[in-house]
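Chain by chain, the residues:
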Amino acid sequence: MPTPLSPATIALIKATVPALEAHGLAITRRMYERLFENPEMRDLFNQSHHGETGSQPKALAQAVLAYARNIDNLSVLAGAVERIAQKHVALNILPEHYPHVAGALLGAIGDVLGDAATAEICAAWGEAYWFLAEVLIGREAAIYRDLASGTGGWNGWRDFVVESVTPESETIRSFVLVPADGGPVLRHRPGQYLGFLFDVPGIGVLKRNYSISCAPNGRAYRITVKREGIASTWLHEQVKPGDRLRLAPPAGDFFLDTEASDPVVLVSGGVGLTPMMSMLETLADERHDRPVWYVHGTLNGRVHALGERARTLATHHGGVELATFYAAPEGSDRQGRDYDHRGLITAEWLVANTPQAQATYYLCGPKAFLRDLLNGLLRLGIPASRVKYEFFGPADDLIEDEARQAA
């Protein structure tokens, strides 16, 4: 562990909370402007969270504010630190990258706050930054070691060959990927994702994360991708069997607890089904004694992916309860055959139709879907410890104040 922060530094960081509340987003936007002046640093990051959605500066502003507010009680940030470390590993962030971020952040604080960014304030934030950086560097080093030491494991980028491409719906395709070197692959934890590095002609380097949609098997990975955004559209339109892609090893802190015996409720919206299919395949293959509910919501049959696969797994397991919701079924969609319920999944329905007193809930889907279900479950008395979720973006603001208090 790094040297603890001094009381004087803690006091100065706490004193900057009002400034961060007022100017935090401006600081993080300016930080990324400074950082991305260096092409090497720019190419390390997923630019969809900056250019396509603009979500990352907001996420970082929230994280910096949370760090300042809890600088005297950092244990509450352990979960956030783990998520950041996992994301960094998927991007292949290394210790030598941290000084660049430090310079950009401290420079941005000075740019935005002006004379209010005194030498004492900047020194305190420098100390606070490097304290957190050392924590992250240590955790990331341990993750890298674990990934490299496992059977089929690796660090950095590894070449994979596209073995097959399968249309799953009008908007979703699955890609099965095998190592170009013919070796095994690291067995992932069901729910984790892979980092990808694409060099797209005419666009350049893109980095993306895609959840693994199959159970761990030691041979291959499957990703199931919705056509939306630059990288996913390129995958759909250009990538074919035999092509090579560069992958980082499995990462992520959202995964199925395969050792537990409590009931499992998997809940997905749209292409959020990808980590749930990995979990469902794992449960069907390995845990026939564990009660499982899989609840999925989508628009209609044209965009419903892997529905037949889910039904096959439920039959194989014998203890899986399936419930499919279509928000706007079409004429060709048949209730009782293609879907079970018309409308949207609600927290009230989940509590009424699943074993809410014992179950652990796993959620994945669009932001509005997650916000509604996460906050609804917390308000209805489900402990936060039994609600797990995955969201590729700034998830820190998903929990509303009222639900946070209930949790």
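Just so it is clear, the structure is predicted and the values come from calculations on it, not from any experiment. (Residues numbered from 1 in each chain as written. Predicted model: local features only at pLDDT ≥ 70, side-chain atom pairs only at ≥ 80, totals over all residues. Heavy atoms only, no water.)

### A few points about the overall build of the chain
Working step 1: Helix and strand content of the chain: 13 helices and 12 strands.
Working step 2: Taken against the 2.2 N^0.38 rule, which gives 22 Å for 407 residues, the C-alpha radius of gyration of the chain at 22 Å falls within 12% of a compact globule.
Working step 3: In terms of overall dimensions, the chain has C-alpha extents of about 65 × 50 × 40 Å along its principal axes.
Working step 4: Looking at the chain as a whole, 51% of its 407 residues qualify as buried.
Working step 5: Partitioning the contacts of the chain with sequence separation of at least 6, the portion at a separation of at least 24 is 74%.
Working step 6: Summing over all exposed atoms, the chain offers an accessible surface of approximately 17,900 Å²; the carbon and sulfur share of this is 52%. (Helix = DSSP H or I, 4+ residues; strand = E, 2+ residues; numbered from the N terminus. Rg over C-alpha atoms; globule rule 2.2 N^0.38 Å. Buried < 20%, exposed > 50% of the residue type's maximum accessible area, 1.4 Å probe, protein only. Contact = heavy atoms within 4.5 Å. Areas by Shrake-Rupley, 256 points an atom, 1.4 Å probe, with all protein chains shown as cover.)

### Concerning the pairing of strand β3 (residues 193-200)
Working step 1: Within β3, 7 of the 8 residues are buried, leaving the element largely enclosed by the surrounding structure.
Working step 2: Pairing of β3 with strand β4 (residues 204-211), which is carried by 8 bridges, proceeds in the antiparallel orientation. Residue Y193 lies in a different strand from β4, and its bridge partner there is S211.
Working step 3: The loop that links β3 with its antiparallel partner β4 comprises 3 residues; one of these, G202, has a positive phi angle of about 85°.
Working step 4: Across 4 bridges, the pairing between β3 and strand β6 (residues 244-251) is antiparallel. The partner of L197 across the bridge, within β6, is R246. (Pairing = 2+ DSSP bridges.)

### Details of the sheet that holds β3
Working step 1: Across the sheet, 6 strands lie side by side as β4-β3-β6-β1-β2-β5; this open sheet has antiparallel pairing. Since the sheet does not close on itself, it has two edges, and those belong to β4 and β5 (221-226), each with one partner. Pairs of neighbouring strands in the sheet enclose a mean axial angle of 40°, with direction left out of account.
Working step 2: Across 7 bridges, strand β1 (residues 158-167) lies against strand β2 (residues 172-179) in antiparallel orientation. Looking across to β2, one finds that V165 is bridged to F175. (Axes fitted to C-alpha atoms, helices over the stretch in contact; angles between N-to-C directions.)

### A word on the sheet that holds strand β7 (residues 264-269)
In any sheet, the strands associate via hydrogen bonds between backbone groups, in a parallel or an antiparallel arrangement.
Working step 1: One open sheet holds the 6 strands; their spatial order is β10-β9-β8-β7-β11-β12, and the pairing between them is parallel. Pairing within the sheet leaves two strands with one partner each, and these edge strands are β10 (341-342) and β12 (387-390).
Working step 2: Across 7 bridges, the pairing between strand β8 (residues 292-298) and strand β9 (residues 320-326) is parallel. Pairing of H296 across the sheet is with T324, part of β9.
Working step 3: In the packing of helix α9 (residues 273-286) onto the sheet, the strands contacted are β7, β8, β9 and β11 (360-364), and the crossing angle to β7 comes to about 150°.
Working step 4: In this fold helix α10 (residues 307-317) packs onto β8 and β9, with an angle of close to 160° to the strand it touches most, β9.

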